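# Tertiary structure, described
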Amino acid sequence: MKTETHPYPALARPTWISLNGKWNFRFDDEDMGLSEGWQNGFPAQYEIMVPFCYQSVRSGIGITKAHNILWYSRVLTVSSDMISGSLLLHFGAVDYSCTVWVNGNYSGEHIGGSTHFCLNIKPFLHVGDNLIVLRVVDSLSCEIPRGKQCWSEQLTRCWYTQTSGIWKNVWVETTGTVFIQKLRITPDVDRGCAEAEIYLNTEATCNLELSVSFHDHRCYWGTVHAEGSVTRILIPIKNEDYIDDIHYWSPETPELYDVRVRVMIDGSCSDEVQSYFGMRKIECRNGRIFLNNRELFQRLVLDQGYWPETLMTPPDEEAIIQDIKITKQLGFNGVRKHQKFEDSRYYYWANRMGLLVWGECPSTYEFTVRSTENLLREWLEFIDEHYNDPCIIVWVPFNESWGLRNILTDPRQQAQAAAFYYLTKALDPTRLVSTND
């Protein structure tokens, strides 16, 4: 068990185990791993320190030459208690696409190099040692969201070393057979309430217990009988007395409400997650920005989120905290995270410490049907992943027409930008969208 911040604080379970650390690793330049059965295990070429990509010094490898196919493996020791319900295997991000096997059994796959995904691997586990194997495929293609990763091995202009493979945290969590897949909490400052949307992994009949607290003081508790896979609960947020306002979230007062949701079946807890939200409203009126109905002046830095020895991966959680502290000490009240979906704990600490964030999508550099599909997939996953983070006040799908070089004259590229705007607003009408910043 770990005492540091959960790798995904917006949907955290109390029982989790980090799988960061040494994994077996090898390149597969000849693409022979599948035909030779490496999904059942393979002779290691290197030991790699996860979650650092092989191109980084901290990975223990530090080779910057491009290799398109990578294999990872490690052993997970499982007790009988851990597989009494479900066991969820989480990857913060794997660049670019990957396939997962557990004990030689295909367990799932994911496409997209910057977003979180998880797999229920319980059906493939047994008590004792279990082998997890990953096959990762990356490329120098400009049809995938590259962000600031250079598309040639020779670095050029302001683009950086590529990041391939696992580059965010890996962990497992135990749950029951019915568990929470997604939790969305939407604050309504003007009405003094918030709405929780609870998404289960399956259609189920159960009771959902929801508790909301502020600085350990419980301000809401309720139980709802749920049938189906989606339940909505309205949470009243009241003033504590007749003098003070509701505790609004802002850079000056980064107040968060803590949330706990439990899935109860026949009196037993099948799943429990912890999350948070901020009572925060962001809007534009006549060309001016208002936060919680008061005019907001933003002093933003264009934050690249790169480190010398670890590239896109923060060296540790303390580095994230120090990064935010320094940003604020320099006089900024916010950042535009440039061309990068950051470690989830960055947004968590920006919430806690009061830093505004513009969440920006890594760009493709070609405009094709395939690049549009790739971009949209990751963009929608990112919005879903960080919906509950009040620090994010603006979504930025495109940067400086990267990947849309002919947007001035090409109706298709104009349509793509407009489509991303409206899709973003459909998923999240509560935030601003700067479509092509």
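The structure under discussion appears in the preceding block.
The rules behind the values
- Residue numbers restart at each chain and count upward from 1, following the sequence in its written direction.
- A pLDDT threshold of at least 70 governs which residues receive local features in this predicted model, and a stricter bar of 80 or more applies before side-chain atom pairs are shown or counted, although totals over entire chains, interfaces and linings include all residues.
- As a rule here, side-chain values come from all non-hydrogen atoms in the structure, and water together with hydrogens is ignored.
- By definition, any uninterrupted DSSP run of H or I lasting at least four residues is a helix, any uninterrupted run of E lasting at least two residues is a strand, and each is numbered from the N terminus.
- Helix span is expected to be 1.5 Å times the residue number reduced by one.
- Any two residues whose heavy atoms approach within 4.5 Å at even a single point are treated as in contact.
- Pairs of N or O atoms are called polar contacts if they sit within 3.5 Å, as long as, within protein, a hydrogen donor faces a hydrogen acceptor (for residues adjacent in sequence, only side-chain-to-side-chain pairs).
- Every case where a carboxyl oxygen of Asp or Glu lies within 4 Å of a side-chain nitrogen of Lys or Arg is listed as a salt bridge.
- For every residue, the accessible area obtained with a 1.4 Å probe (protein chains only) is divided by the maximum for its type, and the residue is called buried under 20%, exposed over 50%, and partly exposed between those limits.
- Note on pairing: DSSP must find at least two bridges between two strands before they are called paired.
- Helix axes are fitted to C-alpha atoms over the stretch in contact, other axes to C-alpha atoms as well, and angles between N-to-C directions run from 0 to 180 degrees.

With 13 residues, helix H1 (residues 317-329) extends 19 Å from end C-alpha to end C-alpha; this agrees with the ideal 18 Å at 1.5 Å per step. Those residues of H1 that are buried are in contact with strand E21 (300-303), strand E22 (334-337) and helix H2 (344-353). Looking at where H1 begins, the residue whose side-chain oxygen comes 3.2 Å from the main-chain nitrogen of Glu318 is Asp316. Trailing H1 by a residue or two, Gly331 shows a phi angle of about 100°, which is positive.

Going through the model one piece at a time under the given rule, you end up with 23 salt bridges. In this structure, Arg13 and Glu173 form a salt bridge, with 2.9 Å as the shortest nitrogen-oxygen distance. Note that Arg13 is positioned in the segment before strand E1 (16-18) and Glu173 in strand E12 (residues 170-175), a separation of 160 residues in sequence. The class of Arg13 is buried, set by a relative accessible area of 3%. For Arg262, the salt bridge is made with Glu272, and the minimal N-O distance between the two is 3.8 Å. Residue Arg262 is located in strand E16 (residues 257-265), and its partner Glu272 is located in strand E17 (residues 268-277); the two are separated by ten residues in the primary sequence. One network of salt bridges, in which partners are shared, links Asp190, Lys281, Glu283 and Arg285.

We now examine the environment of Leu427. With respect to the element layout, Leu427 can be found in helix H4 (residues 411-427). On the basis of relative accessible area, Leu427 is assigned to the partly exposed category, the value being 32%. Once the C-alpha coordinates of Leu427 and Arg345 are considered, the two residues, 82 residues apart in sequence, prove to be 23 Å apart.

Glancing now at the sheet that holds strand E10 (residues 128-137). Spatially, the six strands line up as an open sheet ordered E3-E2-E4-E10-E7-E8, and their pairing is antiparallel. Here the strands that pair on one side only, and so sit at the sheet edges, are strand E3 (46-50) and strand E8 (105-111). Neighbouring strand axes in the sheet, compared pairwise and without regard to direction, differ in orientation by 30° on average. Alignment of strand E7 (residues 97-102) against E10, held across six bridges, turns out to be antiparallel. Residue pairing across strands places Cys98 opposite Val136, the latter belonging to E10.

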